[in-house]
Amino acid sequence: MNTFTARAVTGASPDLVAALTEIHRKSFPPNMQFADAPRYFEEALDDEGNLNILLQDQTGTVLGYLLAIPQSLVFEELRQWDPEMQDDPERLYLEMIQVLPEQRGSKLGLRLIQRVCAEAEKRNIFNLSMHARTTTGWSEYLRRIFAEVRFLRQLENWYGFCEPFDYLEATTTLRTTVNTGESLLAATAGAVA
Ligand SMILES: CC(C)(COP(=O)(O)OP(=O)(O)OC[C@H]1O[C@@H](n2cnc3c(N)ncnc32)[C@H](O)[C@@H]1OP(=O)(O)O)[C@@H](O)C(=O)NCCC(=O)NCCS
């Protein structure tokens, strides 16, 4: 049986940067890929203020990744795409999440979210924000798994991706049904839409 580990890491290595770049290339459509992905991941991993979450299998192969950045450090840049972005020193912005296509649908994305919530709480941060893709069902999924989540707005052309993204704010608490491993379907969409 496959076992997976999600953990927080700091510090870039050439192998890790290469692995994340490869997942990025496979995960996102070409118009959503970063022009200089290796540098993006290197800088993200080297910044101790960030939360870098790695999802690996028992052999150490990296299957997924989540990057969270303090909202105070990103809101100004993001305002060009979402003018309503606010400074919030007590909020962590979920900047990117990616799972290898062949591994999707096995709740690895959920494992990354669970781990970032736990790590944020260790830093005494209990508020999250995110721009989530709508066309893939990801935004809807996030609204199902967080216990307290608010949909604030939709951006039609987020980041020039020509795709709608939802701006969501949530606390780090996940629905009990998620944590106990019960069917996610049981966690009905009680979230505010
Ligand atoms: C979004 C992503 C990280 C989810 O990873 P995952 O391991 O499949 O996530 P989980 O198994 O925990 O959850 C699956 C849910 O994610 C949603 N989802 C979003 N994109 C998906 C995709 N490409 N394939 C499968 N499910 C996807 C589905 O709604 C699914 O819900 P369901 O199980 O009720 O059908 C992964 O699909 C991915 O890397 N996508 C491409 C990059 C991306 O779009 N990132 C998010 C940008 S906001």
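Because the structure is a prediction, the values reported are computed rather than measured.

Trainee: Is there a simple way to explain the overall build of the chain in this structure?
Mentor: Along the backbone of the chain there are six helices and seven strands. If you list the helices and strands of the chain from N to C, you get β-α-α-β-β-α-β-α-β-α-β-β-α. By the compact-globule yardstick of 16 Å for 193 residues, the chain fits well, its C-alpha radius of gyration being 16 Å. For the chain, with 193 residues in total, the buried portion stands at 32%. Contacts in the chain between residues at least 24 apart in sequence constitute 66% of all its contacts with a sequence separation of at least 6.

Trainee: Please clarify how the confidence of the model for the chain should be interpreted in this entry.
Mentor: A low pLDDT score tells you not to read the predicted coordinates there in detail. Considering every residue of the chain, the mean pLDDT works out to 92; 92% of them sit at 70 or more. With pLDDT under 50 throughout, residues 185–193 is counted as low confidence; its partners more than four residues away or in other chains account for 17 contacts.

Trainee: Can you walk me through the site of the ligand in this structure?
Mentor: Near the ligand, the surroundings consist of 19 residues, among which Arg104, Gly109, Leu110, Thr136 and Gly137 are the closest. At the level of elements, strand S4 (91–99), helix H4 (108–122), strand S5 (127–133) and helix H5 (138–145) are the ones that each hand at least two residues to the shell around the ligand.

Trainee: Before we go on, may I ask you to explain the nonpolar core in this structure?
Mentor: Side chains of a nonpolar character, in soluble globular proteins, are inclined to be buried together. Ile53, Tyr65, Leu66, Ala68, Leu94, Leu112 and Val116 are the most contacted members of the largest nonpolar core, which totals 41 residues. Residues within four places of Val116 in sequence aside, it is in contact with Leu51, Ile53, Leu66, Ala68 and Leu94.

Trainee: Sorry, what's going on with unusual backbone geometry here?
Mentor: Peptide bonds are, in most cases, trans, and in most cases residues other than glycine have a negative phi. Phi is positive for Tyr159, which is not a glycine, with a value near 60°. Structurally, Tyr159 is set in the loop between strand S6 (149–155) and strand S7 (165–171). Backbone geometry places Cys162, a non-glycine residue, at a positive phi of 60°. Looking at where Cys162 falls in the secondary structure, it is placed in the loop between S6 and S7. Assessed through the 11 C-beta atoms surrounding it within 10 Å, Cys162 is described here as exposed.

Trainee: Would you take a moment to explain H4 for this structure?
Mentor: For an α-helix, the turn length of 3.6 residues means that residues three or four places apart are oriented alike. Under the 1.5 Å per step criterion, the end-to-end length of H4 is 21 Å for 15 residues, consistent within 8% with the ideal 21 Å. Here H4 has its buried residues at Gly109, Leu112, Ile113, Val116, Cys117, Glu119 and Ala120. Where H4 is buried, its residues touch strand S1 (4–9), strand S2 (51–57), strand S3 (62–70), S4, S5 and H5. Looking one or two residues beyond H4, the residue adopting positive phi is Asn124, at roughly 60°.

Trainee: I keep staring at the sheet that holds S4 and nothing clicks. Help me out?
Mentor: Within a beta sheet, neighbouring strands are joined by backbone hydrogen bonds and run either parallel or antiparallel to one another. Overall, mixed pairing links the seven strands, which are arranged S1-S2-S3-S4-S5-S7-S6 in an open sheet. A single partner strand is all that each edge strand has here, and the edge strands are S1 and S6. Averaged over all neighbouring strand pairs, the angle between strand axes comes to 25°, with direction disregarded. Relative to S7, S5 runs antiparallel, the two sharing seven bridges. Bridge assignment links Leu128 to a residue of S7, and that residue is Ala170. The strands touched by H4 are S1, S2, S3, S4 and S5; relative to S2, the strand with the most contacts, the crossing angle is about 140°.

So, how was this worked out
Residues numbered from 1 in each chain as written. Predicted model: local features only at pLDDT ≥ 70, side-chain atom pairs only at ≥ 80, totals over all residues. Helix = DSSP H or I, 4+ residues; strand = E, 2+ residues; numbered from the N terminus. Rg over C-alpha atoms; globule rule 2.2 N^0.38 Å. Buried ≥ 20, exposed ≤ 12 C-beta atoms within 10 Å, placed from the backbone. Contact = placed C-beta atoms within 7 Å. pLDDT = per-residue confidence, 0-100. Near = placed C-beta within 6 Å. Core = buried A, V, L, I, M, F, W, Y, C linked by C-beta atoms within 7 Å. Expected span 1.5 Å × (residues − 1). Pairing = 2+ DSSP bridges. Axes fitted to C-alpha atoms, helices over the stretch in contact; angles between N-to-C directions.

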